[in-house]
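Chain by chain, the residues run as shown.
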Amino acid sequence: MNVLELEQSFKNKVAPLYIISGNDYFYRKMALTKLLALVSEDLSTFNVTYLAHDAKVDAVIIALNTPPIMSDYKLVVWQGDIKKMNKDTAKVVEKSLTNYLKNKVDGSVLIMVDEIDFFKPIAKLGEIVDCNKLSTTDLITQVKLLLDSKGVIMDNVLIRELAVRCDNEMSAIVSEVDKLVAYANGDVITAESMSAVVTHNVEQDVFKLTDAIARNDIDFAYTLLADLLSRGEQPLKLQALILGQYKRMFYTKVSKDSVEEIAKQLGGSSYPYKLARGNAAKYKPMELKRIVDTLHNIEYEQKSGRISMDEGLNLAMATVTKRR
């Protein structure tokens, strides 16, 4: 289920096993907070047990078999690891939890906080709480609720821009909203407030630049580049971001995995890989490999002092736009 549905689901039933999974820290924290609220805070010492990723499943079962004290629920929070669970360990855990769930203790709830895919081998045993980043459209509703709670108004176009600038990370959005509310003169957040307060995401502008190139809108790409340079962005940094996006295009072009899987393998959020896969459709695999190899060579030439930073950036743009 989606994290936003979690609290409502308690009205029907509280499951004996929840797995918090996803890449948005804000919603992961929200999910855990809502589950912990099943136990009164003043009784949490007796009714909430925290276990690290290296805890043995026997310790988990013992904790679950300990009945709640003056509470409807006993919670056991098992923290995952950034690495995958060992296959042999996963088999033992699956067998033990399967047997426990056949004769579970009423009121005992196991909360497994996943880190990447630590608990993936046993995910089928529990209720998965999806805490991945929301789409920009869904975020508009959530940000509006946040703004309402603070007594301010912001139109949908600006909310969408805020979400994009924050890479759809709700924790970043909350931080920026707090700054916007403090800056705003009155109860309306304007475009001027956005420009003055919200951190301009250079990576987002480079996404726009590479997207323009993929669409063969070369003039717009060079306009974006000129704007970035006029704001003081360094040529080598811009090249690194351009190279990074073309690498993502290449990886998503040649891989059959989902963008979520690719992001887990290579690091970072799935959003840049989603954008990259869309643009990669406009290229052939070998064309992308040639671009990536050439950009690497240009970077080497710059760092070795054979060409200047500005000359390297011009060569990089010539490579990706095919201007010779």
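Residues numbered from 1 in each chain as written. Predicted model: local features only at pLDDT ≥ 70, side-chain atom pairs only at ≥ 80, totals over all residues. Heavy atoms only, no water.

Undergrad: Help me out: how do you make sense of the sheet that holds strand 1 (residues 17-21) in this one?
TA: Adjacent strands of a sheet pair through backbone hydrogen bonds, lying either parallel or antiparallel. Here five strands make up an open sheet; going across it, the order is 2-3-4-1-5 and the pairing parallel. Looking at strand neighbours, the two that pair on one side only are strand 2 (48-51) and strand 5 (127-130), the edges of this open sheet. Averaged over all adjacent pairs, the angle separating strand axes in this sheet is 20 degrees, with direction ignored. Summarising the sheet, strand 1 and strand 4 (residues 108-113) pair through four bridges and their orientation is parallel. Each bridged residue has a counterpart across the sheet, and for L17 the counterpart in strand 4 is L110. Those strands touched by helix 2 (residues 25-36) are strand 1, strand 2, strand 3 (74-79), strand 4 and strand 5, and its axis lies near 160 degrees from that of strand 1. Packed onto the sheet, helix 4 (residues 57-64) meets strand 2, strand 3 and strand 4 and runs at close to 165 degrees relative to strand 3. (Pairing = 2+ DSSP bridges. Helix = DSSP H or I, 4+ residues; strand = E, 2+ residues; numbered from the N terminus. Axes fitted to C-alpha atoms, helices over the stretch in contact; angles between N-to-C directions. Contact = heavy atoms within 4.5 Å.)

Undergrad: Got a minute to help me understand the pattern of salt bridges in this structure?
TA: Under the counting rule described, the total for this entry stands at twelve salt bridges. Among the ionic pairs, E7 bridges to K34, the shortest N-O distance being 2.9 Å. In this pair, E7 sits in helix 1 (residues 6-9) while K34 sits in helix 2, placing the two residues 27 residues apart along the sequence. Residue K34 is classed as partly exposed on the basis of its relative accessible area of 23%. Here K120 ties to E261 by a salt bridge, and the two come within 3.7 Å at their closest N and O atoms. One end of the pair, K120, is in the loop between strand 4 and strand 5; the other, E261, is in helix 13 (residues 259-266), and 141 residues separate them in sequence. (Salt bridge = Lys/Arg side-chain N within 4 Å of Asp/Glu carboxyl O. Buried < 20%, exposed > 50% of the residue type's maximum accessible area, 1.4 Å probe, protein only.)

Undergrad: Hey, could you run me through the packing of helix 4 against helix 5 (residues 87-102) in this one?
TA: For any two helices packed against each other, one specifies the crossing angle of their axes together with the interaxial distance. One can describe the packing of helix 4 onto helix 5 by two numbers: an axis separation of 10 Å at closest approach and a directional angle of 15 degrees. Classified by the angle between their axes, helix 4 and helix 5 sit roughly parallel to one another. Taken as a pair, helix 4 and helix 5 cross one another with a handedness that is right-handed. Residues V57, I61 and L64 of helix 4 form the contact with helix 5, whose participating residues are V92, V93, S96, L97 and Y100. Here the residues of the contact of helix 4 with helix 5 sort into seven nonpolar, one polar and no charged. (Parallel < 35°, antiparallel > 145°, perpendicular 65-115°, else oblique. Left-handed = near helix turned anticlockwise from the far one by under 90°. Nonpolar A, V, L, I, M, F, W, Y, C, P; charged D, E, K, R; others polar.)

Undergrad: Quick question: what am I supposed to make of a nonpolar patch on the surface here?
TA: A grouping of F46, I69 and M70 is seen on the molecular surface, where their side chains present a nonpolar patch of about 340 Å² in accessible area. Relative to the assigned elements, M70 resides in the loop between helix 4 and strand 3. (Patch = residues over 30% accessible without salt bridge, like charges linked within 9 Å, V, L, I, M, F, W, Y side chains within 5 Å. Areas by Shrake-Rupley, 256 points an atom, 1.4 Å probe, with all protein chains shown as cover.)

Undergrad: Sorry, what's going on with the nonpolar core here?
TA: Generally speaking, nonpolar side chains in soluble globular proteins are found buried as a group. Counting residues in hydrophobic clusters, the biggest one holds 43 residues, and the most contacted among them are Y18, L35, I111, L147, M154, L162 and I173. Of all elements in the fold, only strand 1, helix 2, strand 3, strand 4, helix 6 (136-150), helix 7 (156-165), helix 8 (170-183) and helix 9 (191-197) reach the threshold of two or more residues within this core. Not counting the four nearest positions on each side in its chain, Y18 is found in contact with M1, L6, F10, K13, L35, V109, L110, I111, M112, E127 and V129. Judged by nonpolar contacts, the second largest core, of 28 residues, contains V206, A214, L243 and V320. (Core = buried A, V, L, I, M, F, W, Y, C linked by side-chain atoms within 4.5 Å.)

Undergrad: Can you walk me through helix 16 (residues 309-321) in this structure?
TA: An α-helical turn contains 3.6 residues, so a residue and the one three or four places further along point in the same direction. Between its terminal C-alpha atoms helix 16 stretches 18 Å, which fits the 18 Å expected from 13 residues at 1.5 Å a residue. Those residues of helix 16 lying buried are G312, L313, A316, M317, A318, T319, V320 and T321. One or two positions beyond helix 16, positive phi appears at K322, with a value near 65 degrees. (Expected span 1.5 Å × (residues − 1).)

Note that every value here comes from positions in space, so none of it alone points to a role or purpose.
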